[in-house]
Amino acid sequence: MMRAFRLALVAVSLSVVVAQAQVPAQPAPSTPADAAPPAAQTQPPTDPLPRALPQLGINPPSSAHPPLTTTEMAPPASAPVVTATLPHDLSPWGMFMAADIVVKGVMLGLAFASLATWTIWLAKAMELATAKRSAGRALRRIESAENLSEAAGAAAGKSGKLRGAVGLLLSAALSETRRSADLGEDGIKERVAIALSRIESRAGRSMARGTGLLATIGSTAPFVGLFGTVWGIMNSFIGISQAKTTNLAVVAPGIAEALLATAIGLVAAIPAVIIYNVFARAITGYRATLSDASGEILRHLSRDLERRQRTVAPTPRSTASSSASAAAMASAPLVPAE
């Protein structure tokens, strides 16, 4: 009995030894970095599945299927982010100072054009308002007068001097009437009409002086600003190729400077077009007022010429014909009748 128990105990011991011999020995960590710190022993294992006991018939991990390590379970490191800082001053002045020399020249030219637009508007608005007010007042005085001389005195006012475009019209009519006192009335009317039309055209050209620059600015300023925009965007693309990045922070400053050039071009062009159209309508109205004044002057001149013609007593036609026939009979030779 005791002998059988001893044989069974020896058999169990041999089976345990054989099982332990089949389990591979775990390699010791070669470096201190591979060794887990003492605090890490308390953490849960990083393997998704627990180790299988060899007694259950599951083979341990081999070289074909190595166990998961901490480095393999760690998430991949993020790629380095290229950070580009925007300029601190993104105001219009800051973008102007940071712009290219060509874009700066475009902006300065457009700013000067805008300044010229508002200067012409201020000067021409005052001149046109004064001229229209003076012409309207003179036209009302001419309409209320009885003859050309009275109209000239009413238009001259207290100073006694004819001023303005309507004053030039009256002066031309009076001068031509005095110079053609011994000529026919039809010729006088024609010459006065020619002189008045020339004065009207001269006054219209004088009032329209400077508005051509407004038309030029209004038509060319957007294209000049577009040129600055194209140049700024081209510099932005060059910056992209040199920086080898498509980050918006690299492209944004150049595009902002380019768009600023376009904005200044529109600021210069839009008021120029509006002011030019307003002045064109106002000058047309001013020339219409001068045309009305010329018509009133011609009416007064026509009435004065008819009055002067009536004051001169014409020679009767019958008396002149009888005297001519008598003189002819007196000078004719006497011929005896057959």
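What you see is a predicted model; the values in this text were computed from it and never measured. (Residues numbered from 1 in each chain as written. Predicted model: local features only at pLDDT ≥ 70, side-chain atom pairs only at ≥ 80, totals over all residues. Heavy atoms only, no water.)

1. Focus: the overall build of the protein
The secondary structure content of the protein amounts to 10 helices and zero strands. Counted from the first residue to the last, the protein has its helices and strands arranged as α-α-α-α-α-α-α-α-α-α. Within the protein, the fraction of its 338 residues that count as buried is 25%. Restricting the contact set of the protein to residue pairs at least 6 apart, pairs at least 24 apart contribute 82%. (Helix = DSSP H or I, 4+ residues; strand = E, 2+ residues; numbered from the N terminus. Buried < 20%, exposed > 50% of the residue type's maximum accessible area, 1.4 Å probe, protein only. Contact = heavy atoms within 4.5 Å.)

2. Focus on helix α8 (residues 211-243)
Since there are 3.6 residues in each turn of an α-helix, residues three or four apart along the chain are aligned in direction. Its 33 residues give α8 an end-to-end C-alpha distance of 48 Å, which sits within 8% of 48 Å, the value for a rise of 1.5 Å per residue. A bend of about 40° at Thr 220 is the largest found in α8, and the proline Pro 222 appears one to four places after it. By the burial criterion, the buried members of α8 are Thr 211, Leu 214, Ile 217, Gly 218, Ala 221, Gly 225, Gly 228, Thr 229, Gly 232, Ser 236 and Ile 240. Note on α8: the residue one or two positions beyond its end, Lys 244, has a positive phi of about 55°. (Expected span 1.5 Å × (residues − 1). Bend = angle between axes of the 7 residues up to and from the residue.)

3. Section: a positive patch on the surface
Residues Arg 133, Arg 137, Arg 140 and Arg 141 make up a contiguous surface patch of positive charge. One can find Arg 133 in helix α4 (residues 101-144). (Patch = residues over 30% accessible without salt bridge, like charges linked within 9 Å, V, L, I, M, F, W, Y side chains within 5 Å. Areas by Shrake-Rupley, 256 points an atom, 1.4 Å probe, with all protein chains shown as cover. Salt bridge = Lys/Arg side-chain N within 4 Å of Asp/Glu carboxyl O. Lys, Arg positive; Asp, Glu negative; His and termini not counted. Charge placed at Lys NZ, Arg CZ, Asp CG, Glu CD.)

4. Comments concerning the packing of aromatic side chains
By the definition in use, this model includes two aromatic pairs. Each ring, one from Trp 118 and one from Trp 121, has its centre 5.8 Å from the other, and the planes form 85°; the classification is edge-to-face. Linking Trp 118 with Trp 121, this pair stays in helix α4, spanning three residues, or about one helical turn. Assessed through its relative accessible area of 42%, Trp 118 is described here as partly exposed. Overall, Trp 121 belongs to the partly exposed group, its relative accessible area being 38%. Aromatic side chains Phe 227 and Trp 231 sit 6.2 Å apart centroid to centroid with 45° between the ring planes, which places their arrangement in the tilted category. Of the two residues, Phe 227 and Trp 231 are both situated in helix α8; the distance of four residues between them amounts to about one turn of the helix. For Trp 231, a relative accessible area of 29% translates into the label partly exposed. (Phe/Tyr/Trp six-rings, centres within 6.5 Å; stacked < 30°, edge-to-face > 60°.)

5. Quick notes on the environment of Ala 258
When you line up the elements, Ala 258 lands in helix α9 (residues 248-311). On the basis of relative accessibility, which here comes to 0%, the residue Ala 258 falls in the buried class. Sequence spacing of Ala 258 and Val 230 is 28 residues, and the spatial spacing of their C-alpha atoms is 7.0 Å. Setting aside chain neighbours within four positions, we find Ala 258 in contact with Gly 228, Thr 229, Gly 232 and Ile 233.

6. Looking at the confidence of the model for the protein
Averaged over the protein, the pLDDT score is 74; the fraction of residues at 70 or greater is 64%. Per-element confidence in the protein is highest for α4, whose mean pLDDT is 91, and lowest for helix α10 (residues 317-331), whose mean pLDDT is 45. Here residues 318-338 scores under 50 on pLDDT; set against residues more than four positions off or in separate chains, the count is zero contacts. (pLDDT = per-residue confidence, 0-100.)

7. So, the nonpolar core
The tendency in soluble globular proteins is for nonpolar side chains to be buried as a group. One finds Leu 128, Leu 148, Val 166, Tyr 286, Leu 290 and Ile 297 to be the most contacted residues of the largest nonpolar core, which totals 36 residues. Residue assignment for this core shows that the elements contributing at least two residues are α4, α5 (148-156), α6 (164-179), α7 (185-207) and α9. No other element matches the 10 residues that α9 contributes to this core. Ranked by size, the runner-up nonpolar core spans eight residues in total, among them Ala 113, Ile 217, Ala 221 and Ala 272. (Core = buried A, V, L, I, M, F, W, Y, C linked by side-chain atoms within 4.5 Å.)

8. As for the pattern of salt bridges
Across all of its chains, the model carries four salt bridges by this definition. Across the salt bridge formed by Lys 124 and Glu 127, the nearest N and O atoms sit 3.3 Å from each other. On the criterion of helical spacing, the pair formed by Lys 124 and Glu 127 is a turn pair, its members being three residues apart in helix α4. Look at Lys 124 and you get buried, because its relative accessible area is 8%. The exposure class assigned to Glu 127 is partly exposed, which follows from its relative accessible area of 34%. With a shortest N-O distance of 3.2 Å, Arg 307 and Asp 304 are connected by a salt bridge. Separated by three residues within a single helix, Arg 307 and Asp 304 lie in helix α9, roughly one turn from each other. On the basis of relative accessibility, which here comes to 23%, the residue Asp 304 falls in the partly exposed class.

9. As for a nonpolar patch on the surface
Together, Trp 118, Trp 121, Leu 122 and Met 126 make up a nonpolar patch on the protein surface, roughly 450 Å² of accessible area in all. For Met 126, the position within the fold is in helix α4. According to the relative accessible area criterion, Met 126 is exposed, its value standing at 56%.

10. A short note on the side chain of His 300
Locating His 300 in the fold gives a position in helix α9. Those residues within four positions of His 300 in sequence are excluded, and the remaining contacts are Ile 142, Ala 145, Glu 146, Asn 147, Leu 148 and Ala 151.

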